[in-house]
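Inside the fold
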Amino acid sequence: MIIVSHGRPLSSPQVEICRNREWCLMRVLILYFSGTGNTDYVAKYLQRKLAILSVDSDLGSIENILPEESTEFDLLIIGFPIYAGAPPVFFQQYLNLLPNVNQKGIFVFCTRAMFAGHAINDVYEQLGRKGYIPLDYKIIGMPGSDGLPFVSESSKYVQKALNKDYSDIKEINEFAERIAYVIGEINRGKTVAAMRRRAPRGIPLLNTIFQLLWDFGYKFAEKKIKTGFWADEKCVQCGLCVRQCPSKNISLINGSVTFNTRCYMCMRCINQCPEEAIQIGKGTVNKFRWKGPTGYFRPESKEFFEKKYPEDNRPRKAGRV
Ligand SMILES: Cc1cc2nc3c(=O)[nH]c(=O)nc-3n(C[C@H](O)[C@H](O)[C@H](O)COP(=O)(O)O)c2cc1C
C-alpha cells in the first residue's frame, strides 16, 4: 500500500508505480456522527461507492474514534446531521479537539431535512484554522429526524420517508466520484492545496435572516424537547437507551428511566426504544419512530467500543469538552 503522507505528493518513482497500477491508496477516514441513522447510512453508502472507485477507507463514528486517532489518516471525510441550521454543538466541540495539521485534505458532508444554513462554511472555517484544506462538500437531503416522531405513520411526511428510494442517491454518487478524482489528482502529483474548493456563501443577507428565524424557532423547540423526555408504562427497563445515548444523559435509577440535562437532542433514544416507550411531552404518543433508511439502524454499542478500548472509557470523550 502506498501512503500519501499528509497531502504531500508522491515522489516520481512512486507516481510511476501508481500509473502502472490502477490506483494507489491514501489512508482515508470517514468520520461522522449519526443520531437516527441517516448520516450513518450516507457514510456507509459513500464508503461502498468509494470502494467501487478503488478508494479504500476506514469508517467510524465520533463516539468510537478519538480525535487524535485521526492523525493516522491522510485524508478525512467528515459527516454530520444539521441541527438548527448548523453542525451540532457537540460535533463542533469534537472538531475542536482534532489535532492541528499541516495541509491535510478534508471533504465535508451533512444530512439535512430542509435548511443547512452556513454549516459547511462554518466547518470549513473551523478546520481551516487547524490547517485542514477543504476539498469539497455535499449536502444530502434526508427525512427530518426532528419531526418524524411527532407525526403518525399514515401521514404524508412519514410515507414519503418510507417510500423514498435510498438505493441510488445521485448526490452521494457524485460526491464519491469527486473524492476519487481529487485523490487521483493528488496521487498524480498535485498538491492538496491546489485541489482546494471553497463552498459558496449563498446570499449572505437572506441566509442570515433565515438563520435568525430558524434559531428563534429552535430555541423554543429545544427547551420543549430537552425537558420533555419521559418513559411511559411500556418501558421494560431494558437499558438500551442508557447504553446508546451519546451524551450519557439517561440512567436507570431504581428501575425507572431518568433523563438528565445533557441531552444532545439527537433523537436516538426515542427512535431506538424497542417498546416505543420514550416520549417527548404528549406529542409523540402513538406516533411514528424512525430507524433510518434501512429500517434497522443501530449505533455501535457500548460493548463494541469497550472491546475496542478495553483499558479505559476513551470514547466517552466524544462530544464533550
Ligand atoms: C435537534 C434537531 C435539529 C434539526 N435541525 C434541522 C435544521 O435546522 N435543518 C434541517 O434541514 N434539518 C434539521 N434536522 C434534521 C436532521 O438534520 C436530518 O434529519 C438528519 O438527516 C438527521 O441525521 P441522523 O439520522 O444521522 O441523525 C434536525 C434534527 C434534529 C434532531
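I will try to describe carefully the structure that is included in this document. (Residues numbered from 1 in each chain as written. Predicted model: local features only at pLDDT ≥ 70, side-chain atom pairs only at ≥ 80, totals over all residues. Heavy atoms only, no water.)

**Quick word on the pairing of strand β5 (residues 132–141)**
Definition in use: Under the scheme applied here, a residue whose accessible area is under 20% of the maximum for its type counts as buried, over 50% as exposed, and between as partly exposed, the area being computed with a 1.4 Å probe on protein chains only. Here a helix means four or more residues in a row that DSSP labels H or I, a strand means two or more in a row labelled E, and each is numbered from the N terminus. The pairing criterion is simple: DSSP has to find at least two bridges between the two strands. Handedness of a crossover: with both strands directed away from the viewer, a clockwise path from the first strand across the helix to the second marks it as right-handed.
Judged by how many residues are buried, β5 sits mostly within the fold: seven of ten residues are covered. As paired strands, strand β4 (residues 104–112) and β5 are joined by nine bridges and run parallel to one another. Bridge pairing in β5 places K104 opposite Y132. Of the crossover connections in this fold, the one passing from β4 over helix α4 (residues 119–128) to the parallel β5 is right-handed.

**Points about the sheet that holds strand β2 (residues 57–61)**
Rules: Each axis is a line fitted through C-alpha atoms, and for a helix only the stretch in contact is used; angles between axes span 0 to 180 degrees, taken between their N-to-C directions. By definition, residues are in contact when any of their heavy atoms lie within 4.5 Å.
Across the sheet, five strands lie side by side as β2-β1-β3-β4-β5; this open sheet has parallel pairing. The sheet terminates laterally at β2 and β5, the two strands that pair on one side only. Between one strand axis and the next, the sheet turns through 20° on average, direction left out of account. The strands touched by helix α6 (residues 170–187) within the sheet are β1 (28–32), β3 (75–81), β4 and β5, with β5 carrying the most contacts at an inclination of about 165°.

**Concerning the pattern of salt bridges**
Pairs may arise between side chains of opposite charge once their charged atoms sit close together. Definition in use: Between Lys or Arg on one side and Asp or Glu on the other, a salt bridge is scored when a side-chain nitrogen of the former is within 4 Å of a carboxyl oxygen of the latter.
This structure, assessed with the given rule, holds eleven salt bridges. Between D136 and R197 there is a salt bridge, with the nearest N and O atoms lying 3.0 Å from each other. Of this pair, D136 sits in strand β5 while R197 sits in the loop between α6 and α7 (204–226); the two residues are 61 residues apart in sequence, bridging distant segments of the chain. Given a relative accessible area of 39%, R197 falls into the partly exposed group. One salt bridge connects E174 with K138, and the closest N-O pair in it is separated by 3.2 Å. One end of the pair, E174, is in helix α6; the other, K138, is in strand β5, and 36 residues separate them in sequence. When its relative accessible area of 35% is taken as the criterion, E174 is described as partly exposed. Here the residues in one salt-bridge network are D136, R178 and R197, joined through shared partners.

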